[in-house]
Structure formats: structure tokens, C-alpha cells
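# Results of the structural survey
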Amino acid sequence: MSEDTVIHCENLKFSYTGSEEYAVNGVNFSVKRGEFLSVIGHNGSGKSTLARLLNGLLEPESGTVTVLGKDLSEGKNAVEVRKHVGVVFQNPDNQMVASVVEDDVAFGPENIGVEREEIGRRIDWALKAVGMEKYRKATPSRLSGGQKQRIAVAGVLAVKPEILVLDESTAMLDPRGRREVVDVVKRLNKEEGMTIILITHFMDEALIADRTIVMNKGEIALCGTPEEIFENGEMLETLNLSLPRISVLANRLRACGMEIGNVLRTEELAEQIVANMHKRGIYEGQSTDLKVKNRNFVGEWGINIENLSYTYSAKSPFAAKALKNINLEIAEGEFFGIIGHTGSGKSTLVQHFNALIKLPQAEKKYRKKKPKKGEPEPVMPAIYVGKYNLADKKCDFRSLRADVGMVFQYPEYQLFAESVFADVSFGLKNFRKGISEEEIKQAVKASLEVVGLDFDEVKDKSPFDLSGGQKRRVAIAGVIVTKPSILILDEPAAGLDPKGKTEIMELLHKLHREWCKTVVIVSHDMDEIAENCTKAAVISDGTVFACDVPSALFARSDELTGLGLDVPMTSKISAELRKNGFEIAGGGTLEQFADGVSEVFGGAENV
Amino acid sequence: MFNDVTFGQYYPTQSFVHNLDPRCKLLALIAYIVLLFCAWNFYSLILCAVVLAAAVIAAKVPVRSVLRSVKGIIFLLAFTAVLNLFFHGGEKLLTPESWFIKIYLEGVVFTVFFVLRLFFLVMGSSVLTLTTTPVALTDGIESLLKPLSYIRFPVHELALIMSIALRFIPTLIDETNRIISAQKARGADFESGNIFRRIKAIVPILIPLLISAFRRADELGDAMDSRCYSGSKTRTKYKKLKFGWRDAVATLIFAALIAGVVLMNIYGASVFPQIYEYIKIR
């Protein structure tokens, strides 16, 4: 073991009580001072257990963890080692002890008995390191996810650890929040020379590390530089991981006859595309516009919103305008995307769709006010969902909710019943009083099967005994069991690993084809929108910024970036190519983009 | 602007009372309550009312929100007032001898006194909660309880529990609202039916909420451990409450109030002797 090694694990094994399998099974690795190591693996691969073993939260069954020369298996060292190994966890809400930022950051130093003046200096330094010095007196519950997580990082930094472990700390954040946290971590590594272990299931985050470890079933499956790892496409697939989207695109382009090396960054890929073009003597070109299929929407299950405004906690000192004069039309048959970052008002908007938030006119107490003399009649909001007029007091809100299914973010957290069957049938029994047992059974069976679960296998199980992905499927089944014509999902893929994400999106397409007429997803993942949606609206600061087909929407990438939103990868590459004289439409699916490049390039045959 | 809280009564603004040390406000409130019950005549009670009015003005909180705080106890107040009126004994009978119900002058004076005392008490407390964030209140309570740690009372642990509770109230409120919405979207009905039905309807909210609270507690425990929490005595404290000039002013005002109440209690009888029996309770 050399001087430089700060962490050394030898034949590390750990299993949770009641489980026969090892969560971590014979892991060997060491980390050098100042190194940036990323650990990737699917959900349940043992990577979070590893984080807890590194600072003594868990005790290994066998094998040793040595941190800065101290063996963690000697009990008393565990507490000592935590001063040197700081761990930031997944959920920013569950890491804070105080209601004021500075008090929370002070918690760590207070615990190790740092002098008062020094704590003050450490708070200054830690908040500055995460770029949150302006928020010293703020209340965490009022901050965005990314800001909260940066406070959590600051709280760990204030203890002045040499090693920082991030255990999926970006999994619950929106893209802006993720970028904020990743930037902080990168800077800490470069400028402060801090050793970083970044555990993640976002492949593109793993790329920024010096070295990557891939975990599978508690073992280290692969280890090397990110370039070496992602060269191994097929291997990653077998480890339940997906290739980064950029590698998928590179593969497609190779299939078109382009010579593309190992690329991990959009600029590099754009350069290589240009180089390929030049090699063939092509110096400019234009792909045909992404064809928007001429869709004639007929049918009644659309959503129509006019002049919708909404204010939170009206008439209190904390009143906040969430929606400002929204006009939006969603036609039947769309796979509609609603984009915006946390706090943009998108969740408030969709809760109007099934009258969880009622229009003022639909409230029992509402009385029409006479406008004052000289003032125009106030413009009242209107919402029509299918055959329902949501501004009407007499609207049947119960049957509206049966026809407009709504799946909330992290729906698995709303499961409550003792068996999967009882939980899924909950909505059905509520909406259709007096329905026969046999009908219930048939409906539950059909909905469990459509979400890809075996009815006989899961029906009597407790929903809490299922795996994360299965729980989410049960929760979705519990919403679609009433056969809603419109299905709305808030961040359906949040917190899932790449494979889980792909599976959920496939499920939604299946539901769109076979089960519901119109699907609306709320998302902040631009690639997800570009890849799946027929149309999308960008909500920013409570207004509809734009509403169009994805390719047209993302063509305005500069404006979107200006709003702090991300754009899909293909739009980024498309922008780079435009600088070199190639007009290839991005913003659609990877396939469409590859086709566009191939069209200009002339395809594989044309050599 | 970032000092806001999302719950409780706190009215965010800048004022003399807002900027007082929470310990000062807590002690002042305790003193005020004691004084209210020590006041024997209306002279003393008027002094208390003047100080309350001054505090409300200096706090720059809407008078309406102070008055609203009384709403919660109005029923209780009316009930006890009626009981007092009818059952308080005395010498000067106001109702005719033959009546079954007997109301005495002392009873009437006492009832008015009683109602005003409780009004002032509740309004005084609401001045505290309107001008002090829950966080500052906890800090104040912790600091005031500090001496108890010498008799092994777990002051620090108690303070940490309060702090964590405060921290998680907004989070759990959000969570509850989300769960309610989600179950409503699945047709749950919380508003109709008899009491048993409604209690049963709460189950789909309560269970996910409990499970989530336990999950959060678990994760919080890990995070605290990771940040070296061991609950040991070597812990230091960053936050320090400071006693400033405002607190000195407030202390002086209260000293004057105490002196005033004591003087009025003693010499009140000699101001207008002829009406004194109508404005005293002892």
C-alpha cells in the first residue's frame, strides 16, 4: 500500500440481515489521494452499501476497509474515520437537522467540538465552496433541490474531510440541480484536491471521473477509465446498464459508414461527424425537416385550457403566483410532454387537469362579482377535459377523476394496502360503488398484466415487499385500473436507473397504444421528451414559453438554455454542426438524427 | 427575505419586537402573564393593556391578526364567564331576593376581570408567536433551560429534537398534501360520510405518511452519524443569542410595568375611594 492510498478495501463482504445474498461480495479496490472515482451500477448492485461501509455506518462481515491507515473493523476507528470521510446521501431533505442554513452547516463542526469562531469561518468557507454564501440565513424548505443538496454538501465539507463520497446524491434532482452539484464536486476535486467517490447511475456523470468502477451483484464487474468502460457496450448491457446516449448515437453513425472513434462528449462527436463529411468532400448540406406526420386528431379526449392563473396561499404574506395566464391545447391521441424545472408551475398545472385544484368558479362558495363601473368584465379561466367543463359547479368531478388518471411523482410512496390486490382495487372500489367481486378481479388482473406483472404471483404479496421498479408498476396499475382515457404522469421515470427508465417509457408507450387515448408526462429530462413525445410545452415561471413538436421546440435551443433548461443531446450536436455548414435537424429521436446525418453523408454504400 | 417560514403564525417584517432576543420575549411573556393574575384592580389591568397595545404597535403586526388569536378561546371564555357570573358569591346582591339565580356585584366585576385577563393573555402570547420564528423560539427555550443540564436534564437532546421537528414540519406537510392529492385522484373521499367512514378514509393517508416518516428518520440517522454526531459532551455550540439595546429597553419597560402594577395594587384604593369597590376584585 503506497503513501498515496487513502482508501483500501480488501475482500470486502457484507449482507443484510434476512438476505441470503451478499450485497457486497468480495470487493477489492483502493483510492489514491486526489483521485476522482465514479462508481456505477444498476439499482441494487451494492454501490450504496459500499458507501456505507467506507465510513463505518455498516460493519463488513469479512474483509477490511482501511481509511488513511486506520482499520475500520476496530470499532472505535469508525467514529474517528467519519471526520475524514464525508458522505452526502440521496435525498437532500433527509440530511438536514436545522431550519436555518448556517445552523445546519454548523452541525458537523459542533459535533466534533470545533471552537465557535472557527465554526463561523468554516461555514463561510463551506458555503462559498458550494456557491451558496448568499443563502446563509435561508430556510432549507424554501430552496430548490439542487440548492438543498449543495447545502448538504457544505454541511459535510464543514467537517473538513479529505474524502467526499456522494451516494447517488444527484438521483432526485432536476438537470439544473444535477449540474450545480456536479460542478461543485468537480471544482472541489480540481481546486481543493479533494478525493471524490461519486456513486451514480447517470452514465454521463460517471464520465467526468478519472476512473470508473462498475458494480454488479455486489462485485466489481469492470474497472478502468470511463473511455475504456464505455467502449465495452455489450458488456454494459449484460450488467443491466445502458450505454450513454452519445455512445448509442455513435454506434448508429458507424452503421451509416462513418468512422467514429471513442467519443464521450458532444463537441467531439460533432467534430468527428464534420471530419467524416470533409473526408468525403462534403462541405455543406441539409437534411429534410423532421417529418411531422399529418395527424388529424378526431375524438373528444383532449384538454383545453384558457386563461388559467393560480396563486398559492393567496391573501397571506407568502402568496406566490404559480401560474400566469396559461393557454394550452392537448389533442386526443397525443403523447404530450410538459417541460420545466422544479418550481416552474408544471405540477400545479397538471393538478388542474383532474380538478385536484378546482377553478374558482367551480368552488361551492363562489359568487360572481359584479365588475366596478368602468372596469371590464374579468376574464375567467376555463378548462375543458374531454366532455367535462371544469368551470361548472355541477361538473361530475368524481367521474372526471376516473376518466383522467393521475400518477404522481414517486407513486410507490403512496402505496398503503396490505396486499397488491387491495391497493390496486382501491381506486376501482372508490369510483364504481357496488361493482362485483368478479369484475374487480378481472380489472385488477388486466391492469397488473398490462404493467408487466404476473397477477397470481404478486396479488397477495405486500406491496412493500416488492422491488423498487415493481412497486412503481403496482402504483401505476392502481391508477389505470379504472381505464382512464387520459393518463397524466408526473416524472414517471424519476429515481430509476437507466434500464428502469427505458422500461417505464416502453410501458407508457404500450399504455398509450392499448389502454389510454391521451398520455401527458411531466418531465425535466429533455432527451426523454425528444425521444418519446409527439408534442411538448415548455412551462417557465408560470407561463407557457412554447408549445410545439419536439424538433421545432428544441430548435430554439439558445432560448431554452437561457431559461436554465437543458436541450436534448441531438440539439447540441445539431448546433455544433450548424457552425460548420451542416443543417441537420435535432430535437427528435436519436434515430431521426442519425438518419438526417446519413442523408447528408450519403449512407454507407456511397463510397 | 430568506428568513421566512412556511408554517406557524409568524408575520414576517422588521420591527422593534421582531428584533428582540427570543429569551427576552419569552421571559417578558411569562412576567406579563404573572402580572395579569397579580393585578387586583382595573388601574393595574389598564397598565397591562397599555403595554400590550404598545407592543402590538411596536411589532408592526396587523391588529386584526392579534385579535383573531382570541377567536380560538371565545367559546371556552363565554362558558366560564357565564359560570362565574352565576356562581360567584359576594355581598351585594344585584338580582331580586326571590330569584333562583343570584348574581352579585363581586361576580360581575370578577367576570369582566376574568375575561379581560384571558384576552390579554392570549393576545400577549400571539404577539410573541407573530414576531418570533419557531426556530428562534426553540433557541430561546434551549438557552433558558440551560441551567437544568446541571441536574442532568437532557437540554441539548431536547433542543435537537425540537429543531429536527421544526425542520421536518414543512416537509411532512408537503408530503401529506401530496399523498392526499394522490389518493383523491384515485377517488378517495375524505369529506363525506359519518365519523367512522371518515376515520377509515384516513388510513390511505396515514400509512404512507408513517412509512415515509420512518424512512426519513432512518436516512436522517445515517446522515447525522456521517456528520460525526455522537451526542457527546464535547459538543460545541455555534449559535449565540445576544442581548442588545432593544432588550435593555424592553426590560426597563417591564420593570416599570411591574412597579406600576404593584403601586396600583397598593394605592389604588385611595385614588377614587368612592368607586373602588366596583373596580377591584379583592
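For every chain, the first residue of the written sequence is number 1, and numbering continues from 1 along that sequence. Note on labels: chains are lettered from A, ligands numbered from 1, in written order. Per-residue local features are limited, in this predicted model, to residues with pLDDT of at least 70; the limit for side-chain atom pairs, both in listing and counting, is 80 or more; totals at the level of whole chains, interfaces and linings are taken over all residues. Think of the side-chain values as coming from all heavy atoms in the structure, minus any hydrogens and water.

### A look at the overall build of chain B
A run of H or I in DSSP becomes a helix once it reaches four residues, and a run of E becomes a strand once it reaches two; helices and strands are each numbered from the N terminus. Looking only at helices and strands, one finds 9 helices and 0 strands in chain B. Radius of gyration here is computed from C-alpha atoms only, and the compact-globule reference equals 2.2 Å multiplied by the residue count raised to the power 0.38. Compactness check: chain B gives a C-alpha radius of gyration of 25 Å against a globular reference of 19 Å for 282 residues, more than 25% above the reference. The dimensions of chain B, computed from C-alpha atoms along their principal axes, are 75 × 55 × 40 Å. Counting every position in chain B, which comprises 282 residues, the buried fraction comes to 41%. For this analysis, residues touch if any pair of their heavy atoms sits within 4.5 Å. The contacts of chain B with a sequence gap of at least 6 include a subset with a gap of at least 24, amounting to 75%. Here, Shrake-Rupley sampling with a 1.4 Å probe gives the accessible areas, and only protein chains in the shown set may cover a residue. A total accessible area of about 15900 Å² is found for chain B, and carbon and sulfur atoms account for 71% of it. The charge count includes Lys and Arg as positive and Asp and Glu as negative, but it does not include His or the ends of the chains. A charged residue contributes its charge at one atom only: NZ of Lys, CZ of Arg, CG of Asp or CD of Glu. Where the 30 positive side-chain charges of chain B centre and where its 18 negative ones centre are 3 Å apart. Summary of the burial criterion: residues with accessible area below 20% of their type's maximum are buried, those above 50% are exposed, and those between are partly exposed, where the area comes from a 1.4 Å probe applied to protein chains only.

### Focus on unusual backbone geometry
A positive phi is found at K483 of chain A, a non-glycine position, where the angle reads about 55°. For K483 of chain A, the location among the structural elements is in the loop between α17 (468–480) and β18 (486–490). Residue class for K483 of chain A comes out partly exposed when judged on its relative accessible area of 45%. The backbone of C228 of chain B sits at a positive phi, close to 70°, despite the residue not being glycine.

### Quick notes on the interface of chain B and chain A
Opposite the 53 residues of chain B that make contact, chain A presents 66 residues. Defined in terms of a 1.4 Å probe, buried area is the accessible area two parts forfeit on being brought together, summed over both. Broken down residue by residue, the surface that chain B buries against chain A is led by R186, R227 and Y238 of chain B, which jointly contribute 20%. Only one rule defines a salt bridge in this text: a Lys or Arg side-chain nitrogen within 4 Å of an Asp or Glu carboxyl oxygen. The salt bridge involving D222 of chain B is made with R52 of chain A; its shortest N-O contact spans 3.0 Å. A 3.5 Å cut-off defines polar contacts: any pair of N or O atoms within that distance qualifies, except that in protein one atom must be a possible hydrogen donor and the other a possible acceptor, and neighbouring residues in sequence count only when both atoms are side-chain atoms. On the surface where chain B and chain A come into contact, there are 23 residue pairs in polar contact (both at pLDDT 80 or more). Elements represented by at least two residues in the side of chain B that touches chain A include exactly α7 (155–185) and α8 (195–226) of chain B.

### As for the sheet that holds β18 of chain A
Residues and elements named next belong to chain A. Pairing between strands is defined by DSSP: at least two bridges between the two strands are required. Ordered by their spatial adjacency, 6 strands build an open sheet running β17-β18-β19-β14-β20-β21, and the pairing between neighbours is mixed. Either end of the sheet is taken by a strand with one partner, and the two such strands are β17 (404–407) and β21 (543–548). When strand polarity is set aside, the average angle formed by the axes of neighbouring strands in this sheet is 15°. Two strands pair when backbone bridges link them, and strand β14 (residues 335–339) and strand β19 (residues 518–523) are joined in this way by 5 bridges, in the parallel orientation. When the bridges of β19 are listed, F336 appears paired with V520. A fitted line through C-alpha atoms serves as each axis, taken over the contacting stretch for helices, and the angle formed by two N-to-C directions is quoted from 0 to 180°. On top of the sheet, helix α12 (residues 346–353) reaches β14, β17, β18, β19 and β20 (535–540); it is set at about 140° to β14, its chief contact.

### As for the nonpolar core
Residues and elements named next belong to chain A. In this structure, I339, L448, I476 and L511 are the most contacted members of the largest nonpolar core, which totals 50 residues. A total of 6 residues in this core trace back to one element, the largest contributor, which is α17. Apart from the residues within four sequence positions on either side, I476 is in contact with V407, V451, L489, I504, L507 and L511. Here the nonpolar core consists of buried residues drawn from Ala, Val, Leu, Ile, Met, Phe, Trp, Tyr and Cys, with membership extended through side-chain atoms lying within 4.5 Å.

### Section: the sheet that holds strand β12 (residues 303–312) of chain A
All names here are of chain A. An order of β13-β12-β15-β16 is seen for the 4 strands of this open sheet, with the pairing classed as antiparallel. Edge positions in the sheet fall to β13 (320–330) and β16 (388–389), since each of these pairs with one other strand and no more. Strand direction decides the pairing type here: strand β15 (residues 382–385) and β16, joined by 2 bridges, are antiparallel. Bridging from a neighbouring strand, Y384 pairs with N389 of β16. Docked against the sheet, α12 engages β12, β13 and β15, running at close to 125° with respect to β12.

### Notes on the confidence of the model for chain B
All names here are of chain B. Per-chain confidence: chain B averages 87 in pLDDT, with 97% of residues scoring 70 or above. Here helix α3 (residues 63–71) stands out as the element of chain B with the lowest mean pLDDT, 86, in contrast to helix α1 (residues 22–38), whose mean of 94 is the highest. Considering only residues more than four positions removed or in separate chains, one finds that residues 1–6, a stretch of pLDDT under 50, has 18 contacts. Scored by ipTM, the complex comes to 0.87, with pTM at 0.84. Note: pLDDT gives the predictor's confidence per residue, expressed from 0 to 100.

### Description of the environment of G261 of chain A
Residue and element names in this part refer to chain A. Inspection of the secondary structure assignment puts G261 in the loop between α10 (245–255) and α11 (266–279). On the accessibility criterion, G261 (31% relative accessible area) is partly exposed. With 10 residues separating them along the chain, G261 and N251 place their C-alpha atoms 9.8 Å apart. Non-local contacts of G261, meaning those with residues more than four positions away in its chain, are made with R254 and Q272.

### Examining the packing of α3 of chain B against helix α5 (residues 105–131) of chain B
Residues and elements named next belong to chain B. Contact geometry of α3 with α5 gives a least axis separation of 9 Å together with a crossing angle of 125°. Considering their axes alone, α3 and α5 lie oblique with respect to each other. Handedness of the crossing formed by α3 with α5: right-handed. In contact with S65, V66, L67, S69 and V70 of α3, α5 contributes F119, V122, M123, S126 and L130. Three categories are distinguished: nonpolar for Ala, Val, Leu, Ile, Met, Phe, Trp, Tyr, Cys and Pro, charged for Asp, Glu, Lys and Arg, and polar for the others, with Gly belonging to the last. In terms of residue class, the contact of α3 with α5 is made up of 7 nonpolar, 3 polar and no charged. What sets the label is the angle itself: under 35 degrees gives roughly parallel, over 145 gives roughly antiparallel, 65 to 115 gives roughly perpendicular, and the rest give oblique. When the near helix sits turned anticlockwise from the far one by under a right angle, the crossing is termed left-handed; a clockwise turn instead gives a right-handed crossing.

### Structural notes on the state of the cysteines
Each disulfide consists of a covalent bond between the sulfur atoms of two cysteine residues. Note that a disulfide, as used here, is simply two cysteine sulfur atoms within 2.5 Å. If you walk through the whole model with that rule in mind, you get 0 disulfides over all chains. Of all cysteine sulfurs, the one in C38 of chain B lies closest to C48 of chain B, which takes part in no disulfide; the gap is 9.3 Å.

### Here we look at the pattern of salt bridges
Residues and elements named next belong to chain A. Summed over the entire model, instances satisfying the criterion amount to 39 salt bridges over all chains. Between R472 and E412 there is a salt bridge, and its shortest N-O distance comes to 2.9 Å. Here E412 lies in the loop between β17 and α14 (420–431) and R472 lies in helix α17, a separation of 60 residues in the sequence. Accessibility assignment for this pair places R472 and E412 in one class, buried. When the shortest N-O distance is used, the salt bridge between E559 and R556 registers 3.1 Å.

### Looking at the packing of α1 of chain B against α5 of chain B
Residues and elements named next belong to chain B. At their nearest, the axes of α1 and α5 sit 10 Å apart, and the two run at 175° to each other. Taken together, the axes of α1 and α5 lie roughly antiparallel to each other. For the pair formed by α1 and α5, the contact residues are K25, L26, L29, Y32, I33, L36 and F37 on the first element and R117, L118, F120, L121, G124, S125, L128 and T131 on the second. Considered class by class, the residues forming the contact of α1 with α5 number 10 nonpolar, 3 polar and 2 charged.

### Some points on the packing of aromatic side chains
For Phe, Tyr and Trp, rings pair up if their centres lie within 6.5 Å, where Trp contributes its six-membered ring, and each pair is then called stacked (planes under 30 degrees apart), edge-to-face (over 60) or tilted (otherwise). Inspection of every chain in the model, using the stated rule, returns 10 aromatic pairs over all chains. On the numbers, 4.9 Å between centres and 80° between planes, the contact of F416 of chain A with F426 of chain A is edge-to-face. Highlighted residues: F416 of chain A in the loop between β17 and α14 and F426 of chain A in helix α14, separated in sequence by 10 residues. As far as the burial class goes, F416 of chain A and F426 of chain A line up, both buried. Ring plane angle 70° and centroid distance 6.5 Å describe the contact between Y32 of chain B and F254 of chain B, whose orientation is recorded as edge-to-face. Of this pair, Y32 of chain B sits in helix α1 while F254 of chain B sits in helix α9 (residues 245–267), and the two are 222 residues apart along the sequence.

### Thoughts on the side chain of T212 of chain A
Residues and elements named next belong to chain A. Here T212 is to be found in strand β9 (residues 211–216). Reaching out from T212, the side chain makes a polar contact with the side chain of S38 at a distance of 2.9 Å. Those residues in contact with T212 that sit more than four places away from it in its chain are L37, S38, I40, A206, L222, C223, G224, P226 and I229.

### A look at empty space enclosed by the protein
Taking a probe equal in size to a water molecule and rolling it over the atoms shows the remaining empty space. The pocket and cavity definitions rest on a 1 Å grid over protein atoms only: a 1.4 Å probe that fits but cannot leave marks a cavity, an open set with protein on both sides within 12 Å along at least five of seven lines marks a pocket, and residues lining either have an atom within 4 Å of a point. Grid points are joined across faces, edges and corners, and a volume is the space filled by probe spheres set on the points. Counted under the stated rule, the structure contains 7 cavities of 30 Å³ or more. By volume, the largest cavity amounts to about 300 Å³. Together, 20 residues line the largest cavity, and A98 and D103 of chain A together with D139, S163 and K237 of chain B are the ones closest to its centre. Secondary structure elements with two or more residues in the lining of the largest cavity: α3 (101–111) of chain A together with α6 (134–145) and α7 of chain B. Looking at which element gives the most residues to the lining of the largest cavity, the answer is α7 of chain B, with 5 residues. Of the residues belonging to the lining of the largest cavity, the class tally is 9 nonpolar, 4 polar and 7 charged. Space inside the second largest cavity adds up to approximately 100 Å³. As for the second largest cavity, its lining consists of M406, V407, F408, P411, Q414, L415, D423, A475 and V479 of chain A together with A182, Q183 and R186 of chain B.

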